[in-house]
Structure formats: structure tokens, C-alpha cells
Amino acid sequence: METAFLHIDLDTFFVSVERLKEPKLIGKPVIVGGKSNRGVVASCSYEARQFGVHSAMPIVLARRLCPNGIYLSGDQDAYSEYSKAVTDIIAERAPLFEKASIDEFYIDVSGMDRFFGTQQWAWELRDTIKKKTKLPLSAGLSINKTVSKIATGEAKPDNKLYVPQAEVKQFLTPLAIEKMPMAGPKTQSLLKDLGITTIGMLMDFPPKVLVRLFGQNGMALWKKANGLDQSPVVPYAEAKSMSTERTFGEDTADMRFLKSTLLAMVERLSHEMRMENKMTGCISIKLRYSDFETTSHQVRIPYTSRDDVLIQTVMDLFKKAYERRVLIRLIGVRFTHLVHANFQMQLFDPKAKNVHLMFAMDAIKKRYGVDKIARVNGIFTGGADERMTSFMTKRLERKRVLGAAN
């Protein structure tokens, strides 16, 4: 039985999601990573790459190379949502898959040819993902993870490539050494000093010399160059945590701004938890000061997904963590010890109105988007919050009754 591995890469993923949200961005140089000059490029369109922009490049340098580019801060919630949609499609169909990153997947399809063609199955999966998500993606199919990943790179943009076992060396030989997945800039520089500029030249280089130069990585390089890779697909497992953090354009000590940022973070994370029927049992907060000293505090809590409890917990942690009274550069929140559980409101809950409001807001976010409604503060003491609770609760109840009558 011939082994077969499918590699899927969502092309310029962050940019592609932004273009689905705003079609006017299609065909324009788009750079995702931040509007200030302090960040780095997380993703860029092929139009931006023509100016020399690439991922991991400092935004300030990208602006010099592409001053007329469209710079976006990014929408992590949208990226996570689309990544999950792709993951769900693959999980429903694939016998064994690995989620290497938010936009990259490996699928072991060995033996699939006994039922129907491996190529047919792989390309039908790619077509299904494209049809359901509208995302462009490239795919490579070959005998192992290394060759399939290289094949994906050669298929870009938005295409597919199959490299059968008999053609692996012929396929790899002319490719530049930069195409090797594990060859970083330093390794590439050393190889070029040895006169090695293509994968074919690396194939024929004495492996003992590579081991002397690079240690065991030298042997791994030689094997991969020769199309030899026994790395298994690592089964995908759900994350045991969820987190978010924000680096500010300017260091700040504005307490109102910091607390409102934390509030928004907790509200988004807790909404995401409830949509996935999860609860958290441990909360942590991360602060990085202007001098780059970083501190974090965490606390175990009874499992919950309630906004009011999580917000109050995070605010208490922030009060303990912020001790130096130095300007803050970065702030983050993390929920860990996640479990699958549906929220159940306790009978005679003294804060039942808070829960009704939480459910009402969830319904609005689910229908119209997570950024269409937000709290002004984290403590529900009456007044406008109470009136909003009453209005939303009655509206949802009326909708439920009408639905049952129909």
C-alpha cells in the first residue's frame, strides 16, 4: 500500500478572510498586522508581495516598500471562525488529520485508493472547502508530509498538485533550496556557502559532511531532500485553552482605557466559549510594561462561562497584577482548564437578570455579529442595563412563544 499525505494551506488566509468581509479589497495590496508602526506583517496579499512585503516583516519597513498598501489590524475572531469552519469540514470527512496551524492541515489518506482514487478524494475535499467557505486554498498530495508541503508551495496560488512516488526526485531536483520546509535563513546561507543552491544538489551532497556541519539536523536535511520523511500525522485535538492579547500603539496607563480593553476581551472570549458549549476553570491575565518586563496572575474558579463572573475575576486579577504603576505595552487574558458543558442557571439566582442579558446579547451577536453589541461596564447595578435586560428578555420570550405556536 502506497502512503499518501494531503497538505492543505489556506492562501494568504487573513487577507482572504478580510476580502470576504470587504470585497473592495480584492486586487489591492493588503497587509494585515496593524495600523501602527510597532507590529509585524501577519499576512499580505500577492499584490503587496510584488513590492517586497512578506510575513514577519516589521510594519514600518512594509510601509516604506508599499506606502499605498491597505493596512489592517486584523480580526482574530473572524479568522478563528473561518479556521474552525475548515477544520469541521475536514474532521467530518478525513480518517486522520493534523492541524499544523490556523491555516494549515495535513491529512493521512493512505489506503484510500482501495475505495476510490486518492486524488479524487483529495481534490473533492478541496472543492468542498472552497465551495462552503469561499476561501482560496492550495493543496499538495504526495508520499509524505515534506513532499506534499513542497507540492502545495509549487501549486500556489489557489491550485493543486499531485506528485506520485515515481516522480518525487524528478520533482524535487530543480527546486531552489529555499523550498525546503526545515531550511531557515541561516541554514540556507550555510548551504549556499557550500555551493548548494538546489534541493537536487543537497540530494547528492555527502550526508556525513552535513552531519558534521549541522549535527543530526544535517541527516534530517539530507533525508528530506531525497524525499524521505516518516513523520506521522499528529491527530488533531481541541485546544485546552483560549486567549487573546493586545499590544498598544502607544504605551499607556489610562485606567479607563485598560479596563475597557479587558472588558472587551473577556466578553469576546466568554461568548466564544458559550458558542462552543465550554466552560473555564482557570483565568489568567498577562501584563507587559514599557520596559518589557512581563508579569502574569492566575486564579482557579468554579467552572463557568458567565460574563459577570469572568469580568469581575479578570478585573480583580488586573488590580493585583498592576503593581508597578509603569506604562503598559501589552495586555492579555487567557481561559484554561476548558471543559465541555452547557450553562445552567441556578434556581432563585440573585443575579438572574445578568444571565438573561448575557443570553440576549449572545442571540444578537450570533445573528448580527460579535461586534454589534457590547457592555458599557462590567457591573450590572440597574438603570440602563436593567432596562436593556428587561427589553431583550421579553423580546426573546415573545420570539420563543411565536416559534412554538407556528
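Since the model is a prediction, treat every value here as computed from it, not as a measurement.

**Describing the overall build of the protein chain**
Within the protein chain, the regular secondary structure consists of 15 helices and 13 strands. Restricting the contact set of the protein chain to residue pairs at least 6 apart, pairs at least 24 apart contribute 65%. Carbon and sulfur atoms make up 53% of the accessible area of the protein chain, which totals about 21,900 Å².

**What about unusual backbone geometry?**
Cis geometry marks the peptide bond from Lys156 to Pro157, where omega comes out at 0°. Looking at the element boundaries, Pro157 is found in the loop between helix 6 (145-155) and strand 8 (160-162). A positive phi angle is found at Asp158, which is not glycine, with a value near 50°. Among the structural elements, Asp158 can be located in the loop between helix 6 and strand 8. Its relative accessible area of 31% is what places Asp158 among the partly exposed residues. Of note, Arg325 is a non-glycine position whose phi angle comes to about 55°, a positive value. Tracing the chain through its elements places Arg325 in the loop between helix 13 (307-321) and strand 12 (328-336).

**So, helix 5 (residues 118-133)**
Between its first and last C-alpha atoms helix 5 spans 23 Å; for 16 residues at 1.5 Å apiece the expected length is 22 Å, and the two agree. Regarding helix 5, the residues found buried are Thr118, Trp121, Ala122, Trp123, Leu125, Arg126, Thr128, Ile129 and Thr133. At the C-terminal side of helix 5, Lys134 shows a positive phi close to 65°.

**Some thoughts on the pairing of strand 1 (residues 5-10)**
Of all six residues in strand 1, six are buried; the element is thus mostly enclosed. Covered by surrounding structure in strand 1 are Phe5, His7 and Asp9 together with Leu6, Ile8 and Leu10, the residues of both alternating faces. The pairing of strand 1 with strand 6 (residues 104-108) spans five bridges and is antiparallel. Bridge pairing in strand 6 links Phe5 to Asp108. Note: strand 1 against strand 7 (residues 137-142), six bridges, orientation antiparallel. From the neighbouring strand, Asp9 faces strand 7, where its bridge partner is Ser138.

**Some points on the packing of aromatic side chains**
Aromatic rings in a pair are described by how distant their centres are and how their planes are angled relative to each other. This model, assessed by the stated rule, comprises six aromatic pairs. Note on Phe318 and Tyr322: the rings are 5.6 Å apart at their centroids and 25° apart in plane angle, and the pair reads as stacked. The exposure class of Tyr322 is buried, given its relative accessible area of 4%. The side chain of Lys145 reaches across the aromatic face of Tyr106, ending 4.8 Å from its centre. A cation over a ring is seen here: Arg324 above Tyr289, with NZ or CZ 4.8 Å from the ring centre.

Rules used in this analysis
- Residues numbered from 1 in each chain as written.
- Predicted model: local features only at pLDDT ≥ 70, side-chain atom pairs only at ≥ 80, totals over all residues.
- Heavy atoms only, no water.
- Helix = DSSP H or I, 4+ residues; strand = E, 2+ residues; numbered from the N terminus.
- Contact = heavy atoms within 4.5 Å.
- Areas by Shrake-Rupley, 256 points an atom, 1.4 Å probe, with all protein chains shown as cover.
- Buried < 20%, exposed > 50% of the residue type's maximum accessible area, 1.4 Å probe, protein only.
- Expected span 1.5 Å × (residues − 1).
- Pairing = 2+ DSSP bridges.
- Phe/Tyr/Trp six-rings, centres within 6.5 Å; stacked < 30°, edge-to-face > 60°.
- Lys NZ or Arg CZ within 6 Å of the ring centre and 35° of its normal.

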